[in-house]
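Chains, contacts and geometry: an overview
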Amino acid sequence: NLREELQYTAERETDRLVDLLVGRGRGHLEVLNGSNAEHAELDGTGFGISGSEWVCVGAPQLALRSVPAYLEVEVVEATGSLLVGFAGIGFSERCAGGDRGGLSWTVMEDGRSLHRDREEHFGLDGTWFRPGGVLCLALDPVGGRLLARAGRAAAGGEWHEAFAAGVAPGREPGPFLLPVVSGSGGVAARVVVDAAVLGEAPTDQYRSLAGASSLDTSTLGDAESVRGHLQNLGVSPSVMMAEFDKMRRRHASASGEEFNLDHAYKEMMIEVVEGKAAIVGKLQAVSTLLHEGARPMQLAGVVAAPPRDLLQWRPLEQASGQWKGYLWRAVLGGLFDFCDEAAIPLDVPPCQTGLLWAAILSPSSRVVRVSLVDEQSQTPLLLFPASVAGDVSVSAMPPNTTTSEAFGIPSSDAAHDIIDGGAGFVPVQNQTSILNDFDVKSLNLHYRKFEAAVVGFFEGLLHHAPPGAQVQLRVHRADLRHVEFKSEKIGQLINHALWCCGAGVLGWVNGLSWRECNQAGVGRIGLRDELMRDGKQLEGNLGGSIFSPAELASVCAQAGKRGDECIILSGEAVDEAGALGLAAGLSCCTVLSNLDLSNNVLCASGCIVLIEALQRLSSLQSLDLSGNQIGPCGATQLAVKLAELGCLTSLRLGNNQIGGDGCVLLVQALHCLSSLTSLDISINGLGAGCVGFLGAALGGLLMLSKLDISNNDLGSEGCATLMNCLGSLSVVDLSNNGIGDEGASSVGQAIGTISALQKLEIRGNGISANGWVVLSRALSGLGTLEEVNGWVGYGVLRRAQTVVLAAGGVEGAWALAGVWAERNGSHLTSVDLSNCGIRVEGVSYLCDALGTLSSLHRLDLRRNHINANGWLAVASAVLSLESLEEVNGWTGYGALRRGGQEILAGGVEGAWALAAVSMGKCETNLTSVDLSMNRLGDEGIAVICAGLERHKSLTRLDLRSNSVGAGAGRALGDTLLQLDGLLELYLGVWRGADEGVTADAYAARNRLGAEAVEAAWRLTGLARLDLSGVGLNGEVLESLGTVSSTALTALDLSMNMLRGDGVVALGLALVSCSCITALDLSSNGFPSSSAEDLSALLAGQPNLSELRLGSYKDTARRNELCGASLAALAALTALVVLELGVNELRREGALQLASPLQGLTSLARLDIRYIGMNAAGASGLSCALERLAALTSLDISDNSLEAEGATALAAALHQLGKMTWLNLGNNRLKSGGAIALGGALLQMDQITSLNVSENNIGPGGATALAGALEQMTEMKALDLSHNDLGAGGAAALAGSLQGMGKMTTLNLSGNLTGPVGATALAGALEHMSKITWLCLSDLSVGASGAEMLVGALKQMDQMTFLSLSYNNIEARGVSALAGALARLDKLTFLSLSDNSIGRCGAVAVAGALARMQQLTMLNLSNNSQGAEDFLAPLLRPLAAMPSLRRLYIEEPHARRHSPQMRARVVAAAAAAEKISWQ
């Protein structure tokens, strides 16, 4: 149906255009404007009006500039009114009596003359307005005269001046004067434009309108020639339908399984609908331009534009702002010949702005200032400042060279072959620079709009630069270095800039000429071009090729004509069809020395196609075909032709699934490459069977110095055999080859014979501590070795020329450093061996080495596998090092060792052992000890207690979340009883700065026995006590009796099991403690039957300012509050914090809470989440809430408020203007509730954190919230997840989100916005550079949506958490994202699961992961698409990620990873504590 509709639309539009152009060529009139203009009857040169209020007709292609012309009108029906004259659009302000908006000169039927809103009589009377009457007008735009005559020449009529001085057209009337005949009331007339048939001209200088036209309409011819013209332009119905059918065939080739996937089907449908609209848009755009008088050359840019761009095409006459009034007929006809300045709109596609730029840069243009204007923000951005002055150079384009030849475009390219003649660019002003030092972000300007305008500038040069013997450049330089570009347009922009520079149309780009660009290595063909200068860099990454085979042939041929020595087309999705184009174009590249085709999809067939072209590249020195899946077949065919590439010095064939058989044939042909110095055959599954052939072949390559054979399962024997054959290597990569301990010695000895070795990679080989020591000693004899496993400082260390050792994350670095320290370590001041794979068996060897480092100042051994005994050994080893000040990032160690009074080492790994050893051997009087989150365990606490007993002066002790059990309780209890000076004791669950309990902290909670708790209960001076989660119950509490300390002000007993009997026991225990201000009894399983006892307990604590009676979502420990316990709150008037969340209060409890809540006027924080209040409860509670004027934080989530409850709550929120934190999540609000809340939120502009998640508000609700969100410029955290926003909701919110520049946390997951919604959100995300936590999972953005997000992600360089799961972004999308992800080097959490990225996507991800050294959690599950080697490209980056703790690579049972691949992953991700497979 869509195809039929498209065909009908295309044919109808074409027929209309043909009729129009044929009629125009014959001088026929056209309706220009009017009310009910469809009632105008046109017949050649005549017209009539029936039923219309008024209508204006004329011929808009007739542009009058400097040639005097005349017009004749014969009256047919003399009813109503008739006006005859000339009108103009976009005239210069210098026009007499006019402005830029428009001018008109009109003669009316009664003899009056009108000039816009001014009228006067002149010598002409109204007798001509009768059937058969004639009016003749003659215009002299140069002399500024308008003449009129009534009657035929035979009647002897005289010419009269139509206007007096001051209202004449003037000498500069603008580019376009249109003949206008306007009438109403049934008038009819005949207009003559092509000859003087009714009279004669005033003088011989005057011509008929057709003869005075600046456009030659005679070439349009008949209908057949017009259709041929459209065919040549590429916009005929047949061309349009072929473009649509190409898309349909691609969809038809999809497998049934793929087509039935919901997301795939949706994407195909979106592509078809958008494709159809884009094709129609292109046809209509061309039709509009032809209608307005565009020449073929001016249409080239529009015809060549991507169809998607045409979806944004908009008529200029519908615009507003500074550029209102630009009509295409004015722009194309020379509007800017009469203007000093011009404005470029920022919401039109590049091909449209390209036409404006072409007019601005035309030879006769007078523009000296150009502004970019955003209609939405009305922000002007000056591009051509009038003060800029500079030289104008003559281009390098040789005489008699056409523009097509200069661009290297084949003459058969019809779109570029249509070139209009002209005099060339003539410098009018000395202004030469554009785009210099613009900070788009600071101007609050949407960067995509800006980029479209800038790309349009280069489009204007590319498609509209006229040929000439000596083209002089009006715009000489373009500087993109300091402009912030982020979107997917960047690759297109850079290519355009380089092409313009190379063609001589632009003299300099980024301070470089084309020759200098080539010398600097930046004149490369491809979307990932970079322009570098002064440390500035631009990157292009569109994630998928936009090159057709013909375009690939063209760009390569162009590079050959320029004499380029380097072509880089890496990651451009070049397939077999693209290989055909490459092969054709490469035949022109006779001087090519470097060809990079890595990470494409050539496969074996594409490789075979390229082989014939490659053998003709006699100068080729570097060839990169890695990541192309050429397989054994492609390798075999390549081997046959290798002999022809005798100059080759570098060959990269990694990650190609060559296998052992393919390798044998390939390496046998390598003997021909006697000049080869670098070879990469990594990740090819070679196996140990081919080592003999490989060693024999490579041994004959005397020049070979670099070899990468990693990830090939060679085994220890294979690696040793191979190394013994290669004595001249300087760089070797043997990573992930299964060497193991048994091969460490033999491989080490073999490597030790390579006397020239400088760099060695041997990670991921399952070598244990003993193996590393053996290997390190073997390597220590190599006097040339500089780098091991990426550690570039090894050579300097080995030569004992350094005082700093930095090898954090380098596998085996501890053993290499230890071997060196055995010999000479006295000068070493800093050692970083974090995450280096140190295990228990390696600790003793390392400790011996550490003891010799007498100058050591800093030591880091974190994230290894050192147990309690190992840490004690390390602590004992370093205790004698007097210079040591910092250990594992703990800067207070030196002060402690010297007798400091504080141990503040919470969360510092191993700090407990250092502290324990120091306390036991150093004289010190400690007052504060913080060893929370240190994994003490029972063994560690026993050691710590022995040291603490010596420090009676201790006032603060923090041992939270250390996995201490009841077995160590007695020792801890005995120690506490001796520390009778303690004021603060923390033995519970550790909480962060935001008081949140993390999963890790809760898992490491202390399960103390009665002895330790009893000792804490007996400390008489305690002011603060934390026993959260230690395992207390009512029975134990009852046995403890009364708390001994009367000074207690803060007590935390949360996450225990006190239950009902515990309430009574606690009341008795606190009978003498009346000073408590903070009490936490959360999650203790209080039953409703204990309400009276709980009420009595609270009545005994009148000074409470913080009370927590809520629960965590653990049903076994949930508190059940009700009437009596809630009523007791009324007496606690000093409360500032009240937490009642996760209690089964329900509607009745909410109503009971309302009364006491009204009196708590000091309350600043209230938590009533998950209490089941529903809408009725909210209505009863809202009256109480509105009285809490001091409230700044409210959590009312998970309460099923629905729209009714939201309406009641909104009334209360209106009064809470101080609110900064609000959680309304999971309340079933839907759109009605969101609408009700929208008005209330408008009054809460101080909000910094808002959660409206899981409310299904839909697009309507999003629109309602958008207005309120727009006011919340202080927002830092926003959660709108799982709201079914869709594309409409995303678009509604996008504008509001743009103002939230302080945002750090954003969750939009589960909203199914699709690609369209992602595009809208991308613009908003551009303004959130401070984001640290971002979740965009389950949005179904697809590949195109992922491309839209690239620019936003690139600027979020503070990001630590990112989730893009469940988005079906595929390989194309993740390839586009890879460049942005690589910049997020602070990421600790990354999830890309369920995106169908496949192996090609894994290659792209691998490149980004290499930069993420702080990543602790990575999720790539359900992405393999059945590819067995999906994980192979990830092995190397996984091995280089020191902080990785959790790795999720789950796949369905049918796609389970092989045991061999699992082993390789385990070896590579040695630092990971958990690897999830399924």
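Report follows, based on the coordinates. The model shown is predicted, which means the values in this text are computed figures rather than measured ones.

**As for the overall build of the protein chain**
Scanning the protein chain from N- to C-terminus turns up 49 helices and 57 strands. Per-residue burial for the protein chain yields a buried fraction of 58% across its 1478 residues. By element, 50% of the accessible surface of the protein chain is carried by carbon and sulfur atoms, the whole surface being about 53,600 Å².

**Side note on the state of the cysteines**
A disulfide bridge is the covalent bond that connects two cysteines by way of their sulfur atoms. Using the criterion set out here, one finds zero disulfides in the structure. Left without a disulfide partner, Cys588 is nearest to the cysteine sulfur of Cys589, which lies 6.4 Å away. There is no disulfide at Cys690, and the cysteine sulfur nearest it, in Cys663, is 4.0 Å away.

**Observations regarding the pairing of strand 16 (residues 341-345)**
Within strand 16, four of the five residues are buried, which leaves it mostly tucked inside the rest of the structure. Bridging between strand 16 and strand 17 (residues 369-373) involves five bridges; their strand directions are parallel. The partner of Ile344 across the bridge, within strand 17, is Leu372.

**Let's talk about unusual backbone geometry**
Notably, Asn655 is not glycine yet its phi reads approximately 60°, a positive angle. Of note, Asn655 is situated in the loop between strand 27 (650-652) and helix 19 (659-668). Non-glycine residue Gln657 carries a positive phi angle of around 55°. Summarising the element assignment, Gln657 is placed in the loop between strand 27 and helix 19.

**Observations concerning the packing of aromatic side chains**
Scanning all chains against the criterion turns up five aromatic pairs. Judged by centre distance (6.0 Å) and plane angle (65°), the ring pair of Trp890 and Tyr893 falls under edge-to-face. Here Trp1333 and Phe1361 contribute two aromatic rings whose centre-to-centre distance is 4.3 Å and whose plane-to-plane angle is 10°, an arrangement assigned as stacked. Pair noted here: Trp1333 is in strand 52 (residues 1333-1335) and Phe1361 is in strand 53 (residues 1361-1363), with a separation of 28 residues, a long-range link. Ring pairing ties together the aromatic residues Trp1333, Phe1361 and Phe1389, which thus form one cluster.

**Section: the nonpolar core**
Nonpolar side chains in soluble globular proteins tend to end up buried together. If you look at the biggest cluster of nonpolar residues, it comprises 314 residues, and the most contacted ones within it are Leu833 and Leu1157. Every residue in contact with Leu1157, bar those within four places of it in the chain, is listed here: Leu1138, Leu1163, Leu1166, Leu1181, Ala1184, Leu1185 and Leu1188. Grouped together as the second largest cluster of nonpolar side chains are 50 residues, Val280, Leu332, Ile360 and Val367 included.

Basis of the calculations
Every chain's residues receive numbers from 1 upward, in the order its sequence appears when written. Confidence filtering applies because this is a predicted model: local features only for residues at pLDDT of at least 70, side-chain atom pairs given and counted only at 80 or more, and all residues used for totals across whole chains, interfaces and linings. Computation of side-chain values: all heavy atoms of the structure, hydrogens and water removed. Comment: elements are numbered from the N terminus, with helices defined as DSSP H or I runs of at least four residues and strands as E runs of at least two. The buried label applies to any residue whose accessible area, calculated with a 1.4 Å probe on protein chains only, is under 20% of its type's maximum; exposed applies above 50%, and partly exposed to all values in between. Per-residue and other accessible areas were derived by the Shrake-Rupley procedure at a 1.4 Å probe size, with only the shown protein chains allowed to occlude residues. The definition used for a disulfide is geometric: two cysteine sulfur atoms within 2.5 Å. Should DSSP find at least two bridges between two strands, the strands are taken to pair. Here is the rule: rings of Phe, Tyr and Trp (six-membered ring for Trp) pair when centre to centre is within 6.5 Å. Planes less than 30 degrees apart are stacked, more than 60 are edge-to-face, and the remainder are tilted. Nine residue types can take part in a nonpolar core, namely buried Ala, Val, Leu, Ile, Met, Phe, Trp, Tyr and Cys, and a core is a set of them joined through side-chain atoms within 4.5 Å. Any pair of residues with heavy atoms lying within 4.5 Å of one another is described as a contacting pair.

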